[in-house]
Each structure stands twice: as structure tokens, then as C-alpha cells.
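Given next are the chains, with one letter for each unit.
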Amino acid sequence: MRLALATGAFVILIIHGLVFYKQFFHDWERNQYAYFDQARGLAKTEVERASVTGRSPRIEQLIVTSFGETRVDRCETCHIAADDPRFANYAEPLKTHPYSTALGDYQKDGRWERRHKFEDFGCTVCHDGQGRGLEPGYSHGEDPFWPDPLLGYITQPGWRKEYLPALKNKIYLEANCAQCHTEEGFSGTATVERGRKLFFANNCFGCHRIEGLSDGTLAPDLSEAGKKYKIDYLWGKIDDPRASSPTSFMPKFNLPDEDKRALVVFLKSRKGRNFSETEIQRFRLHLTGGAELVQANVKPVDVRPGSERETGEKLVSDRSCTACHKLGDRDGGIAPDLSFEGLMRDNDWIFEHFRNPRSRVPDSVMPSFRYTDAEFHAMSADLDSLQSAPPIGAPAETFHALCERCHGEKGDGRGKIAIYLDPSPRDLTKAAFINSKPVERLLHSVRYGVPGTSMPVWGKVLDEQQARAVLEYVFATFTKEPRHDVKPHNVPESNPVPSSAGSIARGEATFVRRCSGCHGKKADGKGPNSIDLLPRPRNLRNSWFVNAVEDRRLFDSILYGVQGTAMPAWIDYGLTNDNVGDVINFIRSMNRKSKETTYASAN
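These figures come from a predicted structure and were not determined experimentally.

Peer 1: Before we move on, could you go through the side chain of Asn 31 and cite the residues and values that matter?
Peer 2: Topologically, Asn 31 is positioned in helix α2 (residues 27-42). According to the relative accessible area criterion, Asn 31 is buried, its value standing at 19%. Filtering out sequence-adjacent residues up to four positions away, Asn 31 remains in contact with Cys 78, Pro 93 and Leu 94.

Peer 1: Break down helix α12 (residues 257-268) for me, citing the residues and quoting the values.
Peer 2: The first and last C-alpha atoms of α12 sit 16 Å apart over twelve residues, in line with the 16 Å expected at 1.5 Å per residue. Taken together, the buried positions of α12 are Asp 259, Lys 260, Arg 261, Ala 262, Leu 263, Val 264, Val 265, Phe 266, Leu 267 and Lys 268. Contact partners of the buried residues in α12: α7 (174-177), α8 (190-201), β5 (209-210), α9 (225-228) and α10 (231-239).

Peer 1: Go over the packing of helix α22 (residues 501-514) against helix α26 (residues 577-589) with me, naming the residues and quoting the values.
Peer 2: Two numbers describe how α22 lies on α26: the axes approach to 7 Å, and their chain directions differ by 100 degrees. Relative to α26, α22 is oriented roughly perpendicular. Facing Ser 503, Ile 504, Arg 506, Gly 507, Glu 508, Thr 510 and Phe 511 of α22, the residues of α26 in contact are Gly 581, Asp 582, Val 583, Asn 585, Phe 586 and Ser 589. Of the residues that constitute the contact of α22 with α26, the class distribution is four nonpolar, six polar and three charged.

Peer 1: Now, about the domain arrangement of the chain: what can you tell me, with residues and values included?
Peer 2: Considered domain by domain, the chain is made up of domain 1 (2-64 + 71-117), domain 2 (161-296), domain 3 (302-384), domain 4 (395-479) and domain 5 (501-590). For domain 2 versus domain 5, the distance between C-alpha centres works out to 43 Å.

Peer 1: Could you give me a rundown of the nonpolar core, with the residues and numbers involved?
Peer 2: Note that soluble globular proteins tend to have their nonpolar side chains buried in a common cluster. Core analysis: the largest hydrophobic core is formed by 55 residues, its most contacted members being Tyr 172 and Phe 199. If you tally residues by element for this core, the top one is α12, at six residues. Counting contributing residues per domain, this core is built from domain 2 (161-296) and domain 3 (302-384), each supplying no fewer than three. Once residues within four sequence positions are removed from consideration, Tyr 172 is found in contact with Leu 151, Gly 152, Ala 166, Leu 167, Ile 231, Trp 235, Arg 261, Val 264 and Val 265. Formed by 22 residues, the second largest nonpolar core is a distinct cluster that contains Leu 428, Ile 434, Leu 443 and Trp 458.

Peer 1: Lay out the packing of aromatic side chains in plain terms, naming residues and giving numbers.
Peer 2: Enumeration over the complete set of coordinates arrives at 19 aromatic pairs. Taking the centre distance of 5.1 Å and the plane angle of 45 degrees together, the rings of Tyr 35 and Phe 87 count as tilted. Of this pair, Tyr 35 sits in helix α2 while Phe 87 sits in the loop between β2 (71-73) and β3 (106-108), placing them 52 residues apart in sequence. Since its relative accessible area comes to 7%, Tyr 35 is described here as buried. Between Tyr 229 and Tyr 233, the aromatic rings sit 4.7 Å apart at their centres with planes inclined by 20 degrees, giving stacked as the arrangement.

The rules behind the values
- Residues numbered from 1 in each chain as written.
- Predicted model: local features only at pLDDT ≥ 70, side-chain atom pairs only at ≥ 80, totals over all residues.
- Heavy atoms only, no water.
- Helix = DSSP H or I, 4+ residues; strand = E, 2+ residues; numbered from the N terminus.
- Buried < 20%, exposed > 50% of the residue type's maximum accessible area, 1.4 Å probe, protein only.
- Contact = heavy atoms within 4.5 Å.
- Expected span 1.5 Å × (residues − 1).
- Axes fitted to C-alpha atoms, helices over the stretch in contact; angles between N-to-C directions.
- Parallel < 35°, antiparallel > 145°, perpendicular 65-115°, else oblique.
- Nonpolar A, V, L, I, M, F, W, Y, C, P; charged D, E, K, R; others polar.
- Domains from an automatic or database assignment.
- Core = buried A, V, L, I, M, F, W, Y, C linked by side-chain atoms within 4.5 Å.
- Phe/Tyr/Trp six-rings, centres within 6.5 Å; stacked < 30°, edge-to-face > 60°.

Structure below.
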């Protein structure tokens, strides 16, 4: 018992001793004592020796007011030798801060002079971290809740382990250099400049807005990305956009690590206002919305009469269409193949799709680029000229060449670009759907496409016999179940209910009560149940699709359901022809008919 009490008392004494020691003796004090001792030994004159003799440890503090919010920096409390060139070969924290000619440091009379003096700039303006901290864990920003860990040196708990090696690199400091050095060609921000070029080369500017650089509207505004996000989030978003946002439609570009790092450094440099900007520059930017600077990055091209196709070919290349699309031997692996676009779409369709992709494919994720109509006409002329059909071989080869990109090598609708298409490509393995549709309807979809979707016209690439052969290959290879005669349904050829305000109102009430859970109250296919359904519910505001579908098909789909999907047979739930007629009148009231052509003719 006495031994146990003695042991306990001894442990308590040790703990109290450690607590006392921690309270009254700090690491930064020991660092300073070590510096004083070493500095006296390195002193070459009595003046140098006297400058450290008798000095006692103290908290070194700078208050920086010239760069954004007031900063309190105590970094030199530990890094006390940062401005002493005699400690260039010592280890941290007793190491001279490196000099950099790229950042303006220079030698004068054999001694280095700093362009960025600590007393003017402090430390955290370049390095981030927690300037008030006096212990490494706090001052370096290791706390996972601290927004600005020491840039390029510290990784925080919770960051994905596979990213950590890529996130430690002093090159990330360029992001903070760019807060003042905004000029192009500055040697100290070469990675920022490279990232900026990649931002445009990969067409990021079409979706994202960055004040003064781009004006995309499809995706989040990145004007203050460097202030809002840590580098691990930015890296993860570029590496795998859906890892953090499962419903994101941002493409996965599969960039090499060097390009990812350059983009992260560039985005980290976007913190809203730069320190070098004047109030007049900010006011001018506010008045113009940055239009002048945007045009400076994507300069309009003069299209001369007679040179449209040649100019368009260069624009399609220079504007990085193949960052997403396939064209010849270049393939972004994200969007449809444009290699023989002129055989599938006519010039008007291509032009209008360039100007506003959602005017032709309402759920397209392609951004609307702010090019001139002359440029769009030139690019359309180039794509319209691509009318050389690919060689057609056996049905299996044809499916691989033309269909696999969307429908997948297994025919399950999970091709390499399927994730970016809405509606999703049809799953050809679902016999319930495939075998419930007449062959002639399936053949029509292949040869004439499906308006309002990414399913193009193959009629100028495949003749009827070749299209039938591909369908037979699909039936045998993917659907597998033997086809059977399709039982006709008792539906009217045309809507027996005249369209009127009363019919539309009744149809809307029925739609909201019966259909909005999947199709959404706006009928856009985005109802609360839609996220769990594949294929997704149909967007019934897709005018190109709705206006191409006959009343008979709408009646059939509503009353008898769509096999192989979540669409039920509403005849089993009491809907009558009159109820369905009202719903169809409501749907058609939201979709204006257009006389414009949708596709190139299949003949």
C-alpha cells in the first residue's frame, strides 16, 4: 500500500513538474538562447558580439497594416535568425530565410538585400499560417479548423492521404505572390501563369466565373476560391469532382499532377481583391463587369468572307473543343464525337447549339461561350464540313465505333461519357424495355435520332440494312432475351380532349398530385424521387422531345407505363383517357412548337 502511494505521489510530482516547466519555459525561449550562443560564436567583430551579449528571450512581434486586414506576426520569435545571413546552412528554426532573385532580392557590396523586408511585409502574407501562435502546431496552422495552414509545408488531419505528397511543395507560395504581382511574365509567379493558361485551355472559363477573367454561369464562382478553399479541396475537385459532390457534372479531366498543381496554385491565388489594385481599378472593374479583361483573355477573331471554314477549323482547335469532345485522333473523353458532325446535324442546328447548347439539348452541360456570331458561324462551317463517313465493318465493330462511347462496351448505358449526358443513354441490357418496343421504333431512333437528347441521326452514316444489323447485334449480345410480339395497347391515336384553359388546369392538378414526385413540380425531371432513379424521369419541358412525340406514344407511356423504368402504368391507379388527355394538354402547353430543323436529314 505504501509503495502504491509513493509511486502515485511520484507520478503526480512528475506531471506537475512537466506542467510547471511547460508554463514557464517555452520552446521559443530555448530557440532564442541557442541563437544567441551561436551568434556570439560566429561574431567577427566586437559590435556583432555586443549585439547579442546580454540579450534575453522575448516575443518578437510585427504588425502589418499594408496588405489587406491587419496582421499580427510573431513568426520571428522562433525563426529569430531569418534575416541573419550567417545562418544560411543551419536547420530550422535557426535558418536564414532564402533569398530569391525571382522575387527581387539583390546583392549590394557583397551582401544580400531583400526586396520584401520582414518589417514591411511580415511572414503570413506570403506563407499563411497563424501569425499570433507561439507553438508550432498553432503557428503553422495544423489545427484542422484553421483556414490557412502554412502553404505548401503543412497538411492537416482529415486531408486525403493519397493527396498529401502532392500538397507539400514550396511552389504553392506563388499563389500569395500573385496577390501583388499580377503582371504576366513575372518570373516569381510562373506556375500561376501556367495554371491560368490551363484554365482557358481546358475550357474551365466556359463554366466558371472569375472576376476580370471569365464570366461562366454554369458552375460556382471562383473569384474568391483561394480565400474559401484549402488546397486539398481544390486538388480533390480537379482530381475527382464527384468525390466530394456526387451529383457534380464537372468533368474529370485526368490531368497529370503537374497540371493539377498549376491549376491549384492559380485558383489559390484567386482571393478577390489583389493588394496591388487601386480603388479606381476596382471601380472600373465594377462598372464593366470585367468585360474588357475577359475579352483580353479570349480575344475575338476577325472572320473574313470566304475563309469561314478555315478560320472555324483554327477556332475549334484554339478554343480547346477537344478538351471535352472527340475530333479525329484527339479525345477529351467527356463529350460526343464530332469527327463526322456534318452527317448528323445541319448547319443551323450546329450554330444554334454553339450559341446556346440548351436551346437544342435542354439538359446539356456544355457551357454557353461568349464568342461572336461570326466566330460561331465559322466554327459551324468547319463542323458542317466533316461529312466523311467512317468505314463500316461488322455490326460489333460498328457498335464499338459509333455506340460504345455513350452506351458502354457492355451495352448497359454506362459509356465513358454517359455520366455527362442527360437524359442518360439507354441501357440496352434491359429486355423489359427493349422487347416492349417495336423494332421499327428502335430503328427510327437509330436512323433519325431522339430530338432534344444527345442521340444523333445515324441515317447518313448507316443505311437501313446496316442499322438493322446493329440492332440485331444489340438484341443478341446485350438484351439476350428472345423478342416476342408486342401486345398492342388500347390508346387513342390523338388526344380526344380539346386543349383549353380548363383542361390545362385540370391536367396541372393531376400532374402535381400524381407525377411531380418524380418529374418535379416544374415538370423538368428533377422531382425529389429522381435522384434515386435510373434512367432519370423524363424532362417534360424538353420542347424538342415533347413536340416530336405523338399523342399516341404519350398516352401509351402514361397509361401503360414504360417497362424497364420507374414509370408505372397509371391505368392501374384509376387514370382515365380524359385524365391523361388533360395531363398531355398541360405538358404541351409548356412546350412551344418550333419550325426549325433539329437534325440533318437522314436521307
